[in-house]
Amino acid sequence: MHFKNIQERIQKLLDADLPFFVFRKGGSTTVQILQQKNLKLHKRQHDTLTCCCFSKFKNNDNQYFIYGEVYDEFTIDFHASIDEFKSDFFGETTLADRLNHMNLVKKGVAAIASGKLEKVVLSRKRDIQTTLSYPQIADRLFKAYPDNHTYFFHHPKVGTWCGSTPEVLLSYSGNILNTVSLAGTALFNAKKDHVWGEKERHEQQIVTDSIVSILKYHGTENVQTDGPKTIRSGDLIHLKTEISAAAKQDQISSILSDLHPTPAVCGLPKDVALDLILEHENYDRAFYTGYFGIISPKESDYYVNLRCMRLKENIATIYAGGGITLQSDPELEFLETENKMKAMMRVL
Ligand SMILES: C=C(O[C@@H]1C=C(C(=O)O)C=C[C@H]1O)C(=O)O
């Protein structure tokens, strides 16, 4: 099927202006479309229908569901490489934004040095003016990152978001729960000879340990880890450990709420890191570092909402952050957010 389809499909869905969610799992050629038949803003999962779940970073009462009252899927072929997606140059990040982020990182390092916490993930956002239409953006996004989990979300009462994430939060099917610990970031190089430093290994291990202890605390059985391995996400590489356990259906929602936000996007201890983020980041992350999912009563797949953007009129707001530990260098942490933001800039 010709790729132009995704553009046409998204245009039609936007024209209808009803809530919808378009999703492609990393590595798959199947695109799933869920559309609701009315504008209702649901706060609970449907008993029988497949739903999209869309959750903010601070998600106590900030979880929305789109009911798949109309469901469709189609196949795409994507033989694109991200090198085909050279973005426009949107100008340097302002000096003020650069200094703000470096100061934020310094505050994080100081809090860690004082013994308050071990790791905190600090982020920023940037508004980019785009001349592309939303269907054009979606077309480029779904094409650019075939290995990532890619979505387009639209709810007239919530907003329009899209992204392409390398990170599974929780996947549950046939009594097996799978998740990953993903942290540590470097630029992809064609020689594939990157040597990870102590800082990256440490910040990723924190995530693995935290996830394993949550799974054990919930009494899941046969908790297994595999990794860390290096994985590629667009222009970047990360360290990833795959984690699995045997779990029962009725354990899933409480495990999900304990896992989120993991130290890959928040920090350790979670409550101290969250307070630091809310006090010092100075902006609302909204759905960035929240999660999205495609869920049915028996199966659920939730992903961390990273490498994403909010679309409003002709402004794309892009977000990026990174894990701060005692060894963090503010300049390098700033550059890491620049590199992560390029993932979305490439498709604008
Ligand atoms: C916070 C982000 O990414 C997370 C943080 C990472 C890190 O600190 O190295 C790596 C992958 C993600 O778990 C982001 O992409 O904005």
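Going by what an unreviewed UniProt entry lists, the chain is known as isochorismate synthase and is assigned to Nonlabens spongiae. The heading Catalytic activity (unreviewed entry) in the UniProt record of the chain holds the text "chorismate = isochorismate". Its UniProt record gives the chain a comment under Sequence similarities (unreviewed entry), which states: "Belongs to the isochorismate synthase family."

Asks: Honestly, the layout of surface pockets in this entry has me stumped. Any pointers?
Replies: As a volume, the largest pocket reaches approximately 480 Å³. Lining of the largest pocket is provided by 23 residues; of these, Gln63, Phe65, Ser253, Leu256 and Tyr302 occupy positions nearest its centre. Ranked by residue count, the leading element in the lining of the largest pocket is helix α5 (residues 252-259), at four residues. Looking at the lining of the largest pocket residue by residue, the classes come out as eight nonpolar, 10 polar and five charged.

Asks: What exactly am I supposed to notice about the environment of Tyr151 here?
Replies: Residue position: Tyr151 is located in strand β7 (residues 149-155). When its relative accessible area of 0% is taken as the criterion, Tyr151 is described as buried. In this structure the C-alpha to C-alpha distance between Tyr151 and Phe21, which are 130 residues apart in sequence, comes to 7.1 Å. Setting aside anything within four residues of it in sequence, one finds Tyr151 in contact with Phe21, Val22, Phe23, Phe54, Leu141, Phe142, Trp161, Cys162, Gly163, Phe292, Asn305 and Cys308. Among the polar contacts listed, one links the side chain of Tyr151 to the side chain of Asn305, at a separation of 2.8 Å.

Asks: Would you mind going over the site of the ligand with me for this structure?
Replies: Taken together, 17 residues lie near the ligand, and Glu167, Thr185, Tyr288, Arg307 and Gly323 sit nearest. Gly321 is positioned such that a nitrogen or oxygen atom in its backbone is 2.9 Å from an oxygen atom of the ligand. Contact between the ligand and Gly323: an oxygen atom at 2.7 Å from a main-chain N or O atom of the residue. Burial of the ligand by the surrounding chains reaches 100%, relative to a free accessible area of 390 Å². Elements represented by at least two residues in the shell around the ligand include exactly β10 (176-187), β17 (315-324) and α7 (330-345).

Asks: Explain helix α3 (residues 134-144) to me, please; I cannot follow it from the model alone.
Replies: Side chains that are three or four residues apart share a direction in an α-helix, a result of its 3.6 residues per turn. Most of α3 is tucked away: nine of the 11 residues are buried. Every buried residue of α3 is listed here: Tyr134, Pro135, Ile137, Ala138, Asp139, Arg140, Leu141, Phe142 and Ala144.

Basis of the calculations
Residues numbered from 1 in each chain as written. Predicted model: local features only at pLDDT ≥ 70, side-chain atom pairs only at ≥ 80, totals over all residues. Heavy atoms only, no water. UniProt positions renumbered as here; feature names shortened; annotations may be inferred. 1 Å grid on protein atoms, 1.4 Å probe; cavity = no way out; pocket = protein on both sides within 12 Å on 5 of 7 lines; lining within 4 Å. Points joined across faces, edges and corners; volume = space filled by probe spheres on them. Helix = DSSP H or I, 4+ residues; strand = E, 2+ residues; numbered from the N terminus. Nonpolar A, V, L, I, M, F, W, Y, C, P; charged D, E, K, R; others polar. Buried < 20%, exposed > 50% of the residue type's maximum accessible area, 1.4 Å probe, protein only. Contact = heavy atoms within 4.5 Å. Polar contact = N/O pair within 3.5 Å; in protein donor to acceptor, adjacent residues only side chain to side chain. Near = heavy atom within 4 Å. Areas by Shrake-Rupley, 256 points an atom, 1.4 Å probe, with all protein chains shown as cover.

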